[in-house]
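Chain by chain, the residues run as shown.
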Amino acid sequence: MIEIREGGIASTVQDLGRTGHYHIGMPPSGAMDEYAHTVANYLVGNDGDAATVEMTYQGITATFDDDAVIAITGADMSPELNGDPIGTWETVAVDAGDELDVQFATDGARAYLAVAGGVDVPEVMGSRSTYTLVGIGGHEGRGLEAGDELPIGDPANGSADLVGTRLPAEYVPDYADEDTVRIVVGLTSYRLTDEARETLCSAEWTVSAEADRVGYRLEGPDLEFEERDQPFGAGTDPSNVVDLGYPIGSIQVPQQPIVLMQDAVTGGGYATVGTVISADRGLLAQRQTHKTVSFESVDVEEAIDARRRRSERLAEIRSVIDG
Amino acid sequence: MANERIKPVDLPEPRYEYGADDHVFVELAEAMSFTANFKAMAITQQVAERDIEGVVENCPANASYMLRIDPEVIHPDDLIAELRELEAELDLEEYEWETRLIDVPVLFQDPWTHETLMEFRDRHQDADSTDLEYSARINGYDSVEAFLDAFVGAPHMVTMVGFVPGLPWCFQMVPRSEQLEVPKYVEPRTDTPSRAVGFGGAFSVIYPVQGAGGYQLYGRTPIEVLDVDQSLPDFGDSMVFPNPGDILNYRRIDRETYDEIREQVEAGTYEYTYERVRFSPEEFFESPHEYNERLTEVIE
């Protein structure tokens, strides 16, 4: 059991999300930075889809009522155990009664706490991920608060032997440098003028304060639409289309662009102009408010390659950790 | 007017688009029509039946559809080739489906949506009218009553579910010349009561939960479209009640009936009034009003 003393700003239990329900309006939820989440799990001997605690900007304070094996990855939030700093991207032993204090993010926005055996909250529709809008999954369908108790599953054999394992530096991202995310331009991008399509990929966008698990609102130059007689059913604004499905990672343009994230609204009536590639969504999720980000246009082959390379990298990490 | 047919629309070539590496988005038409929607439903149904490996989400929408894939299992180009093939083989004239005709009681001009819409007048096209007064006027109706008569005068088909879990987008089952159309709010509201019945573009919606929204607000239904705990009798299989292809029949109720139904919902005993029906687009197109009358008889 992990007992939460302080919940931080927005800490939720997440795994790799629930699939198969997008058509009823249910987004996948799941870890915003799948890479950091998966590596945290590997470091404690879990499968990649075990549930972790995702912490945003500020971490949790918690005590463990049993010995445990943990790892913290993602944003650097200067974690301490009983007041002493502990490493991140590293397997750490915790003794019964120890207090873990995860502080403010200095680099990146989201950190992941994995514990050997995984956070063992009940599955809802095949996933332990929290979706706060309708209050399902995770711990009581909401963010963590003081007094919450999180059950831990049975650790895999040998997880204790992983203590002291440190992820080789070549695999540790430096979020401060990651200011470019790759997108595939498309969907209803025909709605933008040629100039606006160019601006989308040349402008420097600033992550606004409205950046959460649903979407990242970006600030920058205005994007102009092609003039047209609005089609029947779309609504009168040039940004309106007949309501359609929104891909995860898609960029919509009500006025300023919004990139939809893991708790996305699944559809609606704003023109969508491109999609952040799956390998780079986690990098955007680590971009702090007020930091800038640029979009680099790539074709679908490069997007698939990037995803494949990330899968291979994770497989390599798994074998490095498991020795 | 009463005997007007619905003419099938000649759709343009579909637009096949990549949503990065892991989505394929297909726009069948820019404009809404029953033809476009039935095509989206027919193709996505075929995709489901073929059980194509690597397709992880299958989402029909109003005039488009979207599939989420694992590109390490199926390349988007291979999927698009198969979708083109499906599209070429599709014969919409023979397409029919089992659906449900569902009674949806609505208290129009209710106190809750009224309070909300008054609060956000500064984000609306017309600060001096209510949403219903504005909608009636721009659609050429003399009164709110006459506009509501048209709104409930024919059933609305669920053409898409989404935005948030359980929200149905519905397209009224009348010829194009009788379709109502309204703009969305100039700037979206930050608040909408749960179970609000709204209208935007050419779509009516029921908001499952309290939250942001940009549709004109007309009323509130006492019944739920989303039951997260699945405690109501009709939510045994899914926490969401409406499905694409369902037909909603809005019914005007008074405050007393609203309260009665609401009490049953809160007690966990309310059961939807609905009947299973076979829907034939061809017969519907041929004589929509007559067809609707026959359909709605089953729940009257």
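Along each chain, numbering runs from 1 in the same order as the chain's sequence is written. In the order they appear in the text, chains get letters beginning with A and ligands get numbers beginning with 1. Given that the model is predicted, a residue must reach a pLDDT of at least 70 before its local features are reported, and side-chain atom pairs must reach 80 or more before they are shown or counted; all residues, however, enter totals for whole chains, interfaces and linings.

Right, let's talk about the interface of chain B and chain A for a bit. The contact rule is simple: place each C-beta atom from the backbone, and if two of them lie within 7 Å, those residues are in contact. Between chain B and chain A, the contact holds 46 residues from the first and 44 residues from the second. Listed by contribution, the elements that provide at least two residues to the side of chain B that touches chain A are β1 (15-19), β2 (23-27), β3 (55-60), β4 (64-69) and β6 (156-161) of chain B. Starting at the N terminus, helices and strands are each numbered in turn, a helix being any DSSP run of H or I of at least four residues and a strand any DSSP run of E of at least two. Counting residues per element, the side of chain B that touches chain A draws most heavily on β3(B), which supplies 5 residues. All residues other than Ala, Val, Leu, Ile, Met, Phe, Trp, Tyr, Cys, Pro, Asp, Glu, Lys and Arg, Gly among them, are scored as polar; the first ten of these are nonpolar and the last four charged. In terms of residue class, the side of chain B that touches chain A is made up of 27 nonpolar, 10 polar and 9 charged.

Put simply, side chains in a regular strand alternate between the two faces of the sheet. Residue and element names in this part refer to chain A. To sort residues by burial, count the other C-beta atoms lying within 10 Å of each one's C-beta; a count of 20 or more means buried, 12 or fewer means exposed, and anything in between means partly exposed. C-beta atoms are built from the backbone. Where burial is concerned, most of strand β10 (residues 107-115) is hidden: 8 out of the 9 residues are buried. Strand pairing is assigned whenever DSSP detects at least two bridges linking the two strands. Taken together, the 4 bridges between strand β3 (residues 52-56) and β10 define a ladder with antiparallel strand orientation. Bridging from a neighbouring strand, M55 pairs with A111 of β10. With 6 bridges joining them, strand β5 (residues 68-76) and β10 adopt antiparallel strand pairing. Following the sheet pairing, D76 is matched in β10 by D107.

Residue and element names in this part refer to chain A. One closed barrel accounts for 7 strands, arranged β12-β19-β16-β17-β14-β13-β20; its pairing is mixed. Strand after strand, the sheet turns through a mean of 40° between neighbouring axes, direction not considered. The sheet contact formed by strand β14 (residues 215-219) and strand β17 (residues 258-260) spans 3 bridges and is antiparallel. From the neighbouring strand, Y216 faces β17, where its bridge partner is V259. Angles shown run from 0 to 180 degrees and are taken between the N-to-C directions of axes, each axis being a line fitted to C-alpha atoms and, for helices, limited to the stretch in contact.

Our next topic: the domain arrangement of chain A. Residue and element names in this part refer to chain A. In terms of domains, chain A is made up of domain 1 (2-173) and domain 2 (178-307). Segment limits for the domains were obtained from an automatic or database-derived domain assignment. Taken over C-alpha atoms, the centre of domain 1 sits 29 Å from the centre of domain 2. The interface of domain 1 with domain 2 comprises 19 residues on the first partner and 13 residues on the second. Contributing elements (two or more residues each) for the side of domain 1 that touches domain 2: α1 (34-43) and β10. For the side of domain 1 that touches domain 2, the per-class residue count stands at 11 nonpolar, 5 polar and 3 charged.

Residues and elements named next belong to chain A. The sheet built from 5 strands is open, its strands ordered β2-β3-β10-β5-β8 with antiparallel pairing. Both edges of this open sheet fall to β2 (12-14) and β8 (91-94), since each of them pairs with a single strand only. Direction aside, neighbouring strands of the sheet carry axes that sit 30° apart on average. As judged from the 3 bridges shared by β2 and β3, these two strands associate in the antiparallel manner. Note that in β3 the partner of Q14 across the bridge is T52. On top of the sheet, α1 reaches β2, β3, β5, β8 and β10; it is set at about 155° to β5, its chief contact.

Describing two packed helices takes the angle between their axes plus the distance from one axis to the other. All names here are of chain A. At a minimum axis distance of 10 Å, the contact between α1 and helix α4 (residues 300-322) shows a crossing angle of 20°. Taken together, the axis directions place α1 and α4 in an arrangement best described as roughly parallel. Every pair of crossing elements has a handedness; the one defined by α1 and α4 is right-handed. Where α1 abuts α4, its residues Y35, T38, V39, Y42 and L43 lie against R310, L314, I317, R318 and I321. Grouping the amino acids of the contact of α1 with α4 by side-chain chemistry returns 7 nonpolar, 1 polar and 2 charged. Roughly parallel refers to an angle under 35 degrees, roughly antiparallel to one over 145, roughly perpendicular to one between 65 and 115, and oblique to any angle outside these ranges. In this scheme the crossing of two helices becomes right-handed for a clockwise turn of the near helix relative to the far one and left-handed for an anticlockwise turn of less than a right angle.

In this section: the UniProt feature "domain: Carboxyltransferase" (unreviewed entry) in chain B. Feature annotation in UniProt assigns "domain: Carboxyltransferase" (unreviewed entry) to the following positions: residues 14-233 of chain B. Helix makes up 26% of residues 14-233 of chain B and strand 27%, with an end-to-end C-alpha separation of 41 Å. UniProt positions are given in the numbering used here, feature names are shortened, and annotations may be inferred rather than shown by experiment.

Residues and elements named next belong to chain B. Among the secondary structure elements, H114 is positioned in helix α3 (residues 111-119). Here H114 falls in the partly exposed class, since 17 other C-beta atoms lie within 10 Å of it. Each C-alpha atom, one on H114 and one on R220, is 9.8 Å from the other, the two residues being 106 residues apart in sequence.

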